[in-house]
Amino acid sequence: MISIIGIVIVLGAIASGYLMEHGKLLVLFQPAELVIIFGAAIGTVVVANPLPTLIRIGKGLAGILTGSPYTKEFYAENLKMMYELFNYVRKAGTAKLEEDVDNPGKSPVFSKYPKFLKSHHAVQFLCDTLRMAVSGGVDPLDIDQMMEVDLEVHHRESAEPIAALTTMADALPGLGIVAAVLGVVITMGALGGPKEEIGHRVAAALVGTFLGILLCYGIFSPLASAMGKQNDAEANYFGFLRMTALAFLKGLSPMIAVEMARRSIPTGVRPSFQEMEAACRGGGKAASKAA
């Protein structure tokens with residue numbers, strides 16, 4: 001939502017300044033120039049990237065508009081979930097945990113947290129790691145290295161749509177020049193005609209350059225940057241899950257384990273110890289029994 005506000009501020013400031021200089025907004029309305037620039041930019045992205053990357057670009061842009069899900073409340077809920085899970089394992093045993101990680105949607109713990117289940121990669125990352133721990137015979141250090149490799153692969157995949165959108169943004173000023181050149185070509189063909197028509201065509205050509213620069217530096221470059229920050233937030237969440245799994249592998253007590261995981265949360269969205277304790281011990285049947 002904040003990104004939409006930012007774009008509105010950019011466009012509003014430009015339009016306001018233009019009107020203060022007694023400009024006419026109707027002159028800036030050049031649909032043909034926009035079709036040339038924006039259409040060609042989309043074409044470059046389609047040419048350079050496979051379909052999965054294009055889909056991730058769309059999802060990334062949609063995620064920017066809806067806002068980051070990795071809030072303090074989300075982390076508090078995850079801490080509570082892991083606290084319940086650790087207590088559940090202590091009571092039912094690791095053999096029971098194997099059924100939960102094989103089918104998390106039917107797990108008595110995971111099924112209570114639809115936000116966690118909605119992130120399919122997070123579910124796979126955590127459940128696959130816990131499955132390795134349950135199976136036994138694998139050193140915790142080796143499992144930690146497996147998690148690190150998994151996170152590196154996920155990070156590279158997440159960076160692909162950002163790089164594609166950045167490349168598209170960098171191409172927009174050049175495509176704006178292409179649109180301007182085409183406008184000049186049309187203007188040259190109108191020489192000898194009415195001065196008003198020639199002036200209109202020159203203005204349309206210049207608008208092409210204006211739109212290319214505006215779309216690059218005012219919209220798509222900031223959007224690519226916002227996608228990068230969104231990916232950083234997701235990476236922080238997976239780091240939190242990694243620390244949680246590592247605490248489980250070390251056999252720490254439930255409260256110490258979730259406290260270890262809490263320390264890995266970025267400070268801006270990190271629940272305090274009191275908030276974590278209230279969330280863990282204040283809700284859920286497993287948590288209340290453990291208290």
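Residues numbered from 1 in each chain as written. Predicted model: local features only at pLDDT ≥ 70, side-chain atom pairs only at ≥ 80, totals over all residues. Heavy atoms only, no water.

Visitor: Any chance you could break down the packing of helix α9 (residues 140–189) against helix α10 (residues 195–249) for me, citing the residues and the numbers?
Guide: Between α9 and α10, the least distance of the axes is 7 Å, while the angle of their chain directions is 175 degrees. Classified by the angle their axes make, α9 and α10 are roughly antiparallel. Looking at the contact of α9 with α10, its residues break down into 32 nonpolar, 12 polar and 6 charged. (Axes fitted to C-alpha atoms, helices over the stretch in contact; angles between N-to-C directions. Helix = DSSP H or I, 4+ residues; strand = E, 2+ residues; numbered from the N terminus. Parallel < 35°, antiparallel > 145°, perpendicular 65-115°, else oblique. Nonpolar A, V, L, I, M, F, W, Y, C, P; charged D, E, K, R; others polar.)

Visitor: Residues and numbers for the packing of aromatic side chains, please.
Guide: Considering all chains together, one arrives at 12 aromatic pairs under this definition. Ring centres of Phe74 and Tyr75 lie 6.2 Å apart, and the angle between their planes is 75 degrees; this geometry places the pair in the edge-to-face category. An aromatic cluster is present here, built from Tyr70, Phe74, Tyr75, Phe125, Tyr237, Phe238 and Phe240 joined pairwise through their rings. (Phe/Tyr/Trp six-rings, centres within 6.5 Å; stacked < 30°, edge-to-face > 60°.)

Visitor: With reference to specific residues and values, describe helix α1 (residues 2–20).
Guide: The terminal C-alpha atoms of α1 lie 27 Å apart, and with 19 residues this matches the ideal 27 Å at 1.5 Å per residue to within 8%. Among the residues trailing α1, His22 stands out with phi positive, at a value near 65 degrees. (Expected span 1.5 Å × (residues − 1).)

Visitor: Hey, could you go over the side chain of Thr244 for me, with residue numbers and the actual values?
Guide: Here Thr244 lies in helix α10. With sequence-adjacent residues up to four places away left out, Thr244 is seen in contact with Met82, Phe86 and Ala261. (Contact = heavy atoms within 4.5 Å.)

Visitor: Describe the environment of Ile186, and please don't skip the residues or the numbers.
Guide: By the element assignment, Ile186 lies in helix α9. Once the C-alpha coordinates of Ile186 and Gly174 are considered, the two residues, 12 residues apart in sequence, prove to be 19 Å apart.

Visitor: Before we move on, could you go through the packing of helix α5 (residues 72–92) against helix α12 (residues 273–282) and cite the residues and values that matter?
Guide: Where α5 meets α12, the closest approach of the two axes is 9 Å, and the angle between their N-to-C directions is 50 degrees. Between α5 and α12, the angle is such that the two are oblique. The handedness of the crossing between α5 and α12 is right-handed. Only Glu275, Met276, Ala279, Cys280 and Arg281 of α12 make contact with α5, whose side of the interface consists of Lys72, Ala76, Leu79, Lys80 and Tyr83. Taken together, the residues of the contact of α5 with α12 sort by class into 6 nonpolar, no polar and 4 charged. (Left-handed = near helix turned anticlockwise from the far one by under 90°.)

Visitor: Outline the layout of surface pockets, listing residues and values.
Guide: By volume, the largest pocket is sized at about 1100 Å³. Forming the walls of the largest pocket are 29 residues, and the residues nearest its centre are Lys59, Pro69, Tyr70, Ser119 and Glu234. Looking at the lining of the largest pocket, the elements with two or more residues in it are α4 (51–66), α7 (114–118), α8 (120–135), α9 and α10. A per-class count over the lining of the largest pocket returns 9 nonpolar, 14 polar and 6 charged. (1 Å grid on protein atoms, 1.4 Å probe; cavity = no way out; pocket = protein on both sides within 12 Å on 5 of 7 lines; lining within 4 Å. Points joined across faces, edges and corners; volume = space filled by probe spheres on them.)

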